[in-house]
Amino acid sequence: MKNIILTGDRPTGNLHIGHYVGSLKTRIELQNQGDFEQYYVMIADTQALTDNANNVDKVKNNIIQVAIDYISAGIDPNKVCIFIQSMVPELFEITAYFMNLVSVSRLQRNPTIKDEIKQRGFDKSLPIGFLNYPVSQAADILAFNANIVPVGEDQIPVIEVTREVAHSFNNCYGQIFREVKGLLPQTKICARLPGLDGKLKMSKSAGNSIYLCDDEKTVREKIMSAYTDPGHIKVSDPGKIEGNIVFAYLDAFCRDEHFQKYLPEYQNLKQLKEHYKKGGLGDVKVKLFLNSIVNELLSPIREKRKQLEENIDDVYQILFDGSLKARAAAQQTLAKMKDAMGLDYKKLQNK
Ligand code: ATP
Ligand code: MG
């Protein structure tokens, strides 16, 4: 069986440059390689509600924003089925059957879930839906019999739940699902891009992001205020690279040709780092270099976004058509699952 790819994002805000290197870039490469039978990208509105129950408008309004981000970054809706999670209700029936195959303690021990609970202050008032989101994500993936899931590093423990659910289901009711693999970007820094604050990963919910839709001025302001090395006060001071966000972003985005274009007195990143460590290289120079690189990446994305905003109905149509297509596929899997489980009430239907 050929590859089926599925991935997605929570519509909790616009997509950021962490999404770009962590997942969007891999998605676009896979799309262009064409080695797949089906390719789905899901906007996970129901999952977003698990920690935004009082903020339905935010989630709803961000659906179209995320869709615009996808297409402007290079996802081609002619090759990829973009759909909205809540428009495929079968996913929730599948979730219900999967919930019986996972223990509460297994979810509570999941390192990503543990971190996210802490970050959201859910220690004492954890919504069941939030704890359950890895199970619901298993349904999102397995409903399409996906085997490749391009993600950032934080999602690897969550995908492990999908793998366990698939095994349990196969053991319990018969072989239906195949092995699922989370596909990480090639470098560690891209798999978990840190936020501008230098503390958490870049995240829509943490307010520490450079968004794909940020204009030039905003990007510059954000980069100029990014966390570097607090001990690097004078230009002549030796500077630290570890934990320095500007160098972390250069690791993720900088290529040798950027030096020829924007900073020809250096040949490569290694040389720039050496100089910074030795002393004599100021933060502002490095930040301005990074700013040129990020704006070069974002400039065509901004242009495409403008065009899409002028034809917003086309984007809604893409989401509507994609959701119908995804629903038809999920219905087939659900029927197969119920058959395997012996959950057929055909006799009742015939009465
Ligand atoms: P939220 O704060 O609402 O959880 P988020 O910024 O974490 O938003 P998600 O929608 O949860 O974004 O994640 C979508 C995809 O992007 C996932 O595959 C996730 O692993 C990846 N991703 C998110 N943040 C980063 C990051 N900083 N670096 C690399 N990949 C990331
Ligand atoms: Mg997240």
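Residues numbered from 1 in each chain as written. Chains lettered and ligands numbered in written order. Predicted model: local features only at pLDDT ≥ 70, side-chain atom pairs only at ≥ 80, totals over all residues. Heavy atoms only, no water.

*Asks:* Quick question: what am I supposed to make of the domain arrangement of the protein here?
*Replies:* When its domains are assigned, the protein resolves into domain 1 (4–193 + 312–350) and domain 2 (216–306). Taken together, the 13 residues of domain 1 in the interface contact ten residues of domain 2. Surface buried jointly by domain 1 and domain 2 totals about 1000 Å² across both partners, of which 77% is contributed by carbon and sulfur atoms. By the criterion of area lost to domain 2, the three top residues of domain 1 are I17, S72 and I189, representing 47% of everything that side buries. Along the contact surface separating domain 1 from domain 2 lie one salt bridge. (Domains from an automatic or database assignment. Contact = heavy atoms within 4.5 Å. Buried area = accessible area lost by both parts, 1.4 Å probe. Salt bridge = Lys/Arg side-chain N within 4 Å of Asp/Glu carboxyl O.)

*Asks:* What should I look at first to understand unusual backbone geometry in this one?
*Replies:* Among all residues except glycine, the phi angle is most often negative; among peptide bonds, the trans geometry is most common. Of note, the phi angle at N145 is positive, near 50 degrees, even though the residue is not glycine. For N145, the location among the structural elements is in the loop between α8 (133–142) and β4 (148–150). Classification of N145 as buried rests on a relative accessible area of 13%. (Helix = DSSP H or I, 4+ residues; strand = E, 2+ residues; numbered from the N terminus. Buried < 20%, exposed > 50% of the residue type's maximum accessible area, 1.4 Å probe, protein only.)

*Asks:* Explain the environment of K25 to me, please; I cannot follow it from the model alone.
*Replies:* Assignment of secondary structure puts K25 in helix α1 (residues 17–33). Given the relative accessible area of 39%, K25 is considered partly exposed. Each C-alpha atom of the pair K25 and G121 lies 32 Å from the other, and the pair is 96 residues apart in sequence.

*Asks:* Mind showing me how you'd approach the layout of surface pockets here?
*Replies:* In this approach, a probe sized like a water molecule rolls over the atoms, and the result shows the empty space that is left. In this model, the largest pocket occupies a volume close to 880 Å³. Along its surface, the largest pocket is lined by 44 residues, and H19, E116, D154, Q155 and K201 are the ones closest to its centre. Of all the secondary-structure elements, those providing two or more residues to the lining of the largest pocket are β1 (4–9), α1, α6 (111–119), α8, β4 and α10 (188–191). Taken as a whole, the second largest pocket spans an internal volume of roughly 520 Å³. Around the second largest pocket, the lining is made up of 20 residues, and of these V21, K25, E29, C190 and A252 lie nearest the centre. At the level of elements, α1, α12 (245–253) and α15 (283–310) are the ones that each hand at least two residues to the lining of the second largest pocket. Class assignment for the residues of the lining of the second largest pocket results in eleven nonpolar, four polar and five charged. The residues that make up the lining of the second largest pocket include at least three from each of domain 1 (4–193 + 312–350) and domain 2 (216–306). (1 Å grid on protein atoms, 1.4 Å probe; cavity = no way out; pocket = protein on both sides within 12 Å on 5 of 7 lines; lining within 4 Å. Points joined across faces, edges and corners; volume = space filled by probe spheres on them. Nonpolar A, V, L, I, M, F, W, Y, C, P; charged D, E, K, R; others polar.)

*Asks:* Explanation requested: the site of ligand 1 in the structure shown.
*Replies:* Near ligand 1, the surroundings consist of 22 residues, among which T12, D154, K201, S203 and S205 are the closest. Between ligand 1 and R120 there is a distance of 3.5 Å, counted from an oxygen atom to a side-chain nitrogen or oxygen. The backbone of G152 places a nitrogen or oxygen atom 2.9 Å from an oxygen atom of ligand 1. For ligand 1, whose free accessible area comes to 600 Å², the fraction covered by protein is 97%. With respect to the pocket detection grid, ligand 1 is positioned in the largest pocket. Elements supplying a minimum of two residues to the shell around ligand 1: β1, α1 and α10. The element contributing the most residues to the shell around ligand 1 is α1, with three residues. Residue composition of the shell around ligand 1, by class: five nonpolar, ten polar and seven charged. (Near = heavy atom within 4 Å. Polar contact = N/O pair within 3.5 Å; in protein donor to acceptor, adjacent residues only side chain to side chain. Areas by Shrake-Rupley, 256 points an atom, 1.4 Å probe, with all protein chains shown as cover. Sits in = over half its atoms within 2 Å of the grid points.)

*Asks:* Help me understand the packing of helix α3 (residues 56–73) against helix α16 (residues 312–341), please; the structure alone is not making it clear to me.
*Replies:* A pair of packed helices can be characterised by two numbers: the angle between their axes and the separation between those axes. It is at 10 Å that the axes of α3 and α16 come closest, and there the two elements cross at 95 degrees. Judged by the inter-axis angle, α3 sits roughly perpendicular to α16. Residues I63, I64, A67, I68 and I71 of α3 form the contact with α16, whose own contacting residues are I312, V315, Y316, I318 and L319. Tallied by class, the residues present in the contact of α3 with α16 amount to ten nonpolar, no polar and no charged. (Axes fitted to C-alpha atoms, helices over the stretch in contact; angles between N-to-C directions. Parallel < 35°, antiparallel > 145°, perpendicular 65-115°, else oblique.)

*Asks:* Could you clarify how one ought to interpret helix α14 (residues 269–278) in this entry?
*Replies:* For an α-helix, the turn length of 3.6 residues means that residues three or four places apart are oriented alike. Within the span of α14, buried status applies to L269, L272, K273 and Y276. Buried residues of α14 fall within an arc of 100 degrees about the axis and therefore sit on the same side. Exposed residues on α14 whose side chains face more than 90 degrees from its buried face are K270 and K278. Contact partners of the buried residues in α14: α12, α13 (256–262) and α15. Near the N-terminus of α14, the side chain that reaches the backbone nitrogen of K270, with its oxygen 3.3 Å away, is that of N268. Just beyond α14, the residue with positive phi is G279, at close to 105 degrees. (Arc of directions from axis to C-beta.)

*Asks:* I tried to follow a nonpolar patch on the surface on my own but got confused; where do I start?
*Replies:* Residues M87, F320 and L324 make up a contiguous nonpolar surface patch of about 270 Å² in total accessible area. Turning to its location among the elements, F320 is positioned in helix α16. (Patch = residues over 30% accessible without salt bridge, like charges linked within 9 Å, V, L, I, M, F, W, Y side chains within 5 Å.)

*Asks:* Teacher, can you tell me more about α6 here?
*Replies:* Those residues of α6 lying buried are T112, I113, E116 and I117. Viewed along the axis of α6, the buried residues span an arc of 130 degrees, placing them on a single side of the element. Between the side-chain oxygen at the start of α6 and the backbone nitrogen of T112 there is a gap of 3.2 Å, and the oxygen is on N110. The first or second residue beyond α6 is G121, which carries a positive phi of 65 degrees.

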